[in-house]
Amino acid sequence: MLNSIRIDSALSRRHLFRGAVAALGAWALPSKLQAAVVRTQTQDQLQEIGPYPPEWLPDGVRSRFVHGINGLRLHVLEAGFESPGRPAVLLLHGFPELAYSWRSVMVPLAEAGYHVIAPDQRGYSQKARPNSIENYKIDKLSDDVINIANQFDINKFHVVGHDWGSAVGWHLSSKYSNRLISFTALSVPHIDAFFEMMKTNKEQQKKVAEDMSFVENVTETTMVQFIHTMLSLIHI
């Protein structure tokens, strides 16, 4: 079921962190990082505002709600919806981003003949922010994408992922290869390659620590613990 969209205008970088860490398995975070994630829960009480004003979006792009996504209601942007039977492409945003980040490429893709769908993933969509960190494992993020396709009666589709969206895309490619026509990764390599670099490349370790430095009250020691914990979870 599709409805008009209501959005949250006050997403902070720390709030978006909760959804983003899912791709690396948030349940394994050190306690201080888990606390930083859990502290965002009260921000879900923010008041809903109206739909995207038309001037926010290019002509041909609309905002929708999609219900029944693993019990959640997710916001999507959609283009190329006028003609049935088009090949579909799902665009997965990165961190800290929303589906809105794809607005400039959606119309050209629609003009090229695609049905284009860009969801706000769980943790980003308002009213789609479950409390438990367990709800942000990458299996659930991937299942959300499949459920979105199912709601649109799409069997096979292309996927384009940016940043953390690429991590979800890589997982989709492994778990649901029978549903994907193609996968294009922007900014993020295969997770095995990424963690191999984290094991062996000091510069990569430094950049990861810098990227996480916005979390409050997290020391360098905690960040090292986080990196080593994540490496211990990867079986290459």
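Our structure's up above, just so we're on the same page.
The present account deals with the structure reproduced in this document.

Quick notes on the rules
- Residues numbered from 1 in each chain as written.
- Predicted model: local features only at pLDDT ≥ 70, side-chain atom pairs only at ≥ 80, totals over all residues.
- Heavy atoms only, no water.
- Helix = DSSP H or I, 4+ residues; strand = E, 2+ residues; numbered from the N terminus.
- Buried < 20%, exposed > 50% of the residue type's maximum accessible area, 1.4 Å probe, protein only.
- Contact = heavy atoms within 4.5 Å.
- Areas by Shrake-Rupley, 256 points an atom, 1.4 Å probe, with all protein chains shown as cover.
- Pairing = 2+ DSSP bridges.
- Right-handed = clockwise from strand over helix to strand, strands pointing away.
- Arc of directions from axis to C-beta.

### Notes on the overall build of the protein chain
- The number of helices and strands found in the protein chain is eight helices and seven strands.
- When burial is assessed residue by residue, the protein chain has 48% of its 236 residues classed as buried.
- Of the contacts formed within the protein chain by residues at least 6 apart in sequence, a portion of 72% connects residues at least 24 apart.
- Accessible surface for the protein chain amounts to roughly 11100 Å². Of this, 51% is attributable to carbon and sulfur atoms.

### Considerations on the pairing of strand 6 (residues 157-162)
- Burial of strand 6 is extensive: five of the six residues sit out of reach of the surface.
- Strand direction decides the pairing type here: strand 4 (residues 88-92) and strand 6, joined by five bridges, are parallel. In the strand pairing of strand 6, L90 is matched with V159.
- Inspection of the sheet shows strand 6 paired to strand 7 (residues 180-186) by six bridges, in the parallel sense. Residue pairing in the sheet places H158 in a bridge with S182 of strand 7.
- In the classification by handedness, the crossover that spans strand 6, the intervening helix 5 (residues 164-175) and the parallel strand 7 is right-handed.

### Comments concerning helix 6 (residues 191-200)
- Those residues of helix 6 that fall on the buried side of the exposure criterion are F194, F195 and M198. One face of helix 6 carries all of its buried residues, which in axial projection span an arc of 90°.

### Thoughts on unusual backbone geometry
- Cis geometry marks the peptide bond from F95 to P96; its omega dihedral reads -5°.
- With a phi close to 55°, D153 is a non-glycine residue in the positive phi region.
- Counting through the fold element by element, D153 comes out in the loop between helix 4 (138-151) and strand 6.
- For D153, a relative accessible area of 74% translates into the label exposed.
- Phi is positive for D163, which is not a glycine, with a value near 60°.
- Tracing the chain through its elements places D163 in the loop between strand 6 and helix 5.

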